[in-house]
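Structure at a glance
So the chains spell out like this:
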Amino acid sequence: MGEKRPIRVLLAKAGLDGHNRGIQLVGKALRDAGMEVVYGGLRITPREVVEMSIQEDVDVVGISIFSGGLMTIIPKIYRAMQENEATRDLPLVVGGIVPPSDAEELKRMGIKGVFGPGSDLDEIIDFVRSLAGSRSS
Amino acid sequence: MFREDHLEAIGKARREWEFTVLNPIMERWPERRENFYTQSGHPVKRVYTPEDIAGKDYLEDISFPGYYPFTRGVFPTGYRGRLWTRRLITGLATPEETNKRLKYLIQQGQTGLNIIFDNPTTNLFDSDNPLCEGEVGRDGVPCCTLRDMEVIMEDIDMQEVSTSIIHSGPFILSMYLALAEKRGIPFDRLRGTLQNDVLSQYYTVNMSVVSLRDGFRLSADVVEYCRKHVPRWNPISFVGYQIREAGSTAAQEIAFALGSAIAYTEELISRGMEVDDFAPRLSFMFNCHNDFFEEICKLRAARRLWARIMKERFGAKNPLSWLLRFHVQTAGSSLTAQQPVNNVIRTTIQALAAVLGGTNSLHTNSMDECYGLPSEFAARTALRTQQIIAYESGVANTVDPLAGSYFVERLTDEIEEEAREIIRKIDEMGGMVAALEAGWVQREIVRASNEYHRKLKSGEITVVGVNAFTEEDDEEVPIEILRIDPAHEAHQVRMLREVKAHRDQGKLWEALERMKEDAAAHRNIVPSCMEAVKAYATLEEMRLALQEALGAGKESKDAFIC
């Protein structure tokens, strides 16, 4: 059996703000855990999420958002991914400033995981790993 | 500060104390840990004595309040004469709602305004741009045209209140000035501060609508213009706050803010201005994080370092040029989503550090800011925190009460020295703009941020409710969270469209053309920006005009280092 390909994750920030301390930390943690992290940058649009996910052939998409616009922006990204055959089954994870009630609503919508302020990095790593694992099996 | 023979006696007595008193105790009851450090990593000794400040000269290094090198504060009477300005950040939903909140806070005893704008406005997008859907009024107030500024400031006396504007470049300030003009208020009656430090914005929130150097030049235009026309206005505030929020250490925070201030000072001197013409109006903004003494010492060190830079490096002669005046905001990044009521306590300690550090104005964060904009209740509690410190605690009754503390003076020295070394490295790289373009500053901050989180993870740093004293049902939030009704966004878009429909298009077009020409020719942009604002140009129209003339900026991805 050949060498197993490392898990690939697209990380990007949606919305107009540029606060990226959280996504930096998560990115470093995932890389330290042996994953390949593709950084999509700031202000990524739903179309760009879909395009980059396909182009980079990632297993998981993580979007970080600090802005109060989260309940508009994240559903848009989710819908864009759903509408494309190639990204329909790709798990979407959200991080950032997310009030608990919004987190519940996002999960109901189909967002696989929501990591608000104070989340544990090891939990995020395990979660991403389990998402990628269930996808390849 | 101490006689040689006196110091010798103290040293001898200390060694004796260690041998006879300390060591037996340490054998029976070891200390909680082997080594102690401040949050930023300065070693903290068990006990400090006069030996730790043996080399200090009171008159040279500490001296009197309101006297060079200003270690003890910029006013001779400290807060005995006047308390610090209580200035809470405000901005939400719409200009109308923001106006209501501002008036509410004034009525509750706030003494200065501090206006923050939503993401679209901060990035110079209009509320009706499709990219902004869902973000209008969510993290601040939208302000697209002069009309919005008129509404924000409705029934507020611009001559009475000082206003801090959290925005960079000439646009929002031009709206404020145009409104004053409309009300017949002479510019020399206006007091306030424009944040305007594009360098710190670039590496903390990665923003620059034009290239870094062009943005730097445009914000320097504002400083130049205000020095001539708005004499009591602080046209720039060098922001250590955001640097710290991005994860820097205390010493990095002041060094990078001062590094930015040095860059602007050099730029303005190269335009032919005298340092004493503008230096008295430069201002700063710092953070106050959890480590109480480190924060106090950081503020004292910053004041002394800036006074020395101004006097020794730039040859400033006017004593007002030596003063480092600053606003403090308590650390937003220290707030926890877990057990959010604890944030009131954290903020109180941080605010007390800011006051003991001699801040000139203060914003205290609200307990709910880990989730969104402050509710009215949370904002009022944050204001009350300051009022309790000011009126009940008694700490404002003597100036710099911690001066002379062996620990405080020693740590102040250490932080000043560390910051001075960072500034030396920036100089070696060719200054702050070059250091930013090389990505060095960004890398240093990310490294410090990672180190902080490593310590948090390993338990070297304790955060109550996060890695200690946690509760099972932390996820249940016992506090009210402010919700912005989406109807506000629709209202704002409607208002903007109405303004756009009723403008004199010819006048608008002419003003925007003039702005482009001035930008391309590197003429001071503020006068033509004022004309555009008066013709009700929108922020986005002005941004596009600038970008047409100068090209658009790029995101700095250097900071993404894993």
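Our subject in this report is the structure included herewith. (Residues numbered from 1 in each chain as written. Chains lettered and ligands numbered in written order. Predicted model: local features only at pLDDT ≥ 70, side-chain atom pairs only at ≥ 80, totals over all residues. Heavy atoms only, no water.)

**Side note on the pairing of strand E10 (residues 282-288) of chain B**
All names here are of chain B.
- Taken across its 7 residues, E10 has 7 buried, putting it largely inside the fold.
- Residues of E10 alternate between two faces, with Leu 282, Phe 284, Phe 286 and Cys 288 on one and Ser 283, Met 285 and Asn 287 on the opposite face, all of them buried.
- The pairing of strand E9 (residues 236-239) with E10 spans 4 bridges and is classified as parallel. Within E10, the position partnered with Ser 237 by the bridge is Ser 283.
- Bridging between E10 and strand E11 (residues 326-330) involves 5 bridges; their strand directions are parallel. Bridge pairing in E11 links Phe 286 to Val 328. (Buried < 20%, exposed > 50% of the residue type's maximum accessible area, 1.4 Å probe, protein only. Helix = DSSP H or I, 4+ residues; strand = E, 2+ residues; numbered from the N terminus. Pairing = 2+ DSSP bridges.)

**Considering empty space enclosed by the protein**
Residue and element names in this part refer to chain B.
- Under the definition given, this model contains 3 cavities of 30 Å³ or more.
- Volume-wise, the largest cavity comes out at about 230 Å³.
- Lining the largest cavity are 18 residues, and of these Leu 124, Ser 168, Val 198, Gln 201 and Val 209 lie nearest its centre.
- Per element, the largest residue contribution to the lining of the largest cavity is 3 residues, and it comes from helix H8 (residues 212-229).
- Along the lines of polarity and charge, the residues of the lining of the largest cavity split into 9 nonpolar, 9 polar and no charged. (1 Å grid on protein atoms, 1.4 Å probe; cavity = no way out; pocket = protein on both sides within 12 Å on 5 of 7 lines; lining within 4 Å. Points joined across faces, edges and corners; volume = space filled by probe spheres on them. Nonpolar A, V, L, I, M, F, W, Y, C, P; charged D, E, K, R; others polar.)

**Observations concerning the side chain of Ser53(A)**
- Checked against the element boundaries, Ser53(A) lands in helix H2 (residues 46-56).
- In this view, Ser53(A) contacts Leu10(A), Val58(A), Val61(A), Thr87(A) and Leu90(A); residues no more than four positions away in its chain are not counted. (Contact = heavy atoms within 4.5 Å.)

**What to know about the pairing of E11(B)**
Residue and element names in this part refer to chain B.
- In terms of burial, E11 is largely enclosed, as 5 of its 5 residues are buried.
- Residues Phe 326, Val 328 and Thr 330 of E11 are buried on one face, and the alternating residues His 327 and Gln 329, pointing to the opposite face, are buried as well.
- In this region the chain leaves E11, passes through helix H14 (residues 342-356) and returns to the parallel neighbour strand E12 (residues 361-363); the handedness of that crossover is right-handed. (Right-handed = clockwise from strand over helix to strand, strands pointing away.)

**Some thoughts on the packing of H2(A) against helix H3 (residues 70-83) of chain A**
Residues and elements named next belong to chain A.
- Running from amino to carboxyl end, H2 crosses H3 at an angle of 45°, the nearest separation of the two axes being 8 Å. Put simply, H2 runs oblique to H3. Considering how the two elements wind past one another, H2 and H3 form a crossing that is right-handed. Residues Pro 46, Val 49 and Val 50 of H2 pack against Lys 76, Ile 77, Ala 80 and Met 81 of H3.
- Of the residues belonging to the contact of H2 with H3, the class tally is 6 nonpolar, no polar and 1 charged. (Axes fitted to C-alpha atoms, helices over the stretch in contact; angles between N-to-C directions. Parallel < 35°, antiparallel > 145°, perpendicular 65-115°, else oblique. Left-handed = near helix turned anticlockwise from the far one by under 90°.)

**Quick look at a nonpolar patch on the surface**
- On the surface, a nonpolar cluster with roughly 240 Å² of combined accessible area is contributed by Trp17(B), Val21(B) and Val47(B).
- Among the structural elements, Trp17(B) can be located in helix H1 (residues 4-28). (Patch = residues over 30% accessible without salt bridge, like charges linked within 9 Å, V, L, I, M, F, W, Y side chains within 5 Å. Areas by Shrake-Rupley, 256 points an atom, 1.4 Å probe, with all protein chains shown as cover. Salt bridge = Lys/Arg side-chain N within 4 Å of Asp/Glu carboxyl O.)

**Concerning unusual backbone geometry**
Residues and elements named next belong to chain B.
- Backbone torsion omega between Tyr 68 and Pro 69 reads 0°, so that peptide bond is classified as cis.
- Notably, Asn 196 is not glycine yet its phi reads approximately 65°, a positive angle.
- With respect to the helices and strands, Asn 196 occurs in the loop between strand E7 (192-194) and helix H7 (198-204).
- With relative accessibility at 0%, the residue Asn 196 sits in the buried group.

**Digging into the pattern of salt bridges**
- A full pass over the atoms with the stated rule returns 62 salt bridges over all chains.
- A salt bridge links Lys76(A) to Glu133(B), with the shortest nitrogen-to-oxygen separation between them at 3.1 Å. In this pair, Lys76(A) is assigned in helix H3 and Glu133(B) in the loop between helix H4 (119-122) and helix H5 (146-152), connecting two distinct chains.
- Residue classification places Lys76(A) among the partly exposed residues on the basis of a relative accessible area of 27%.

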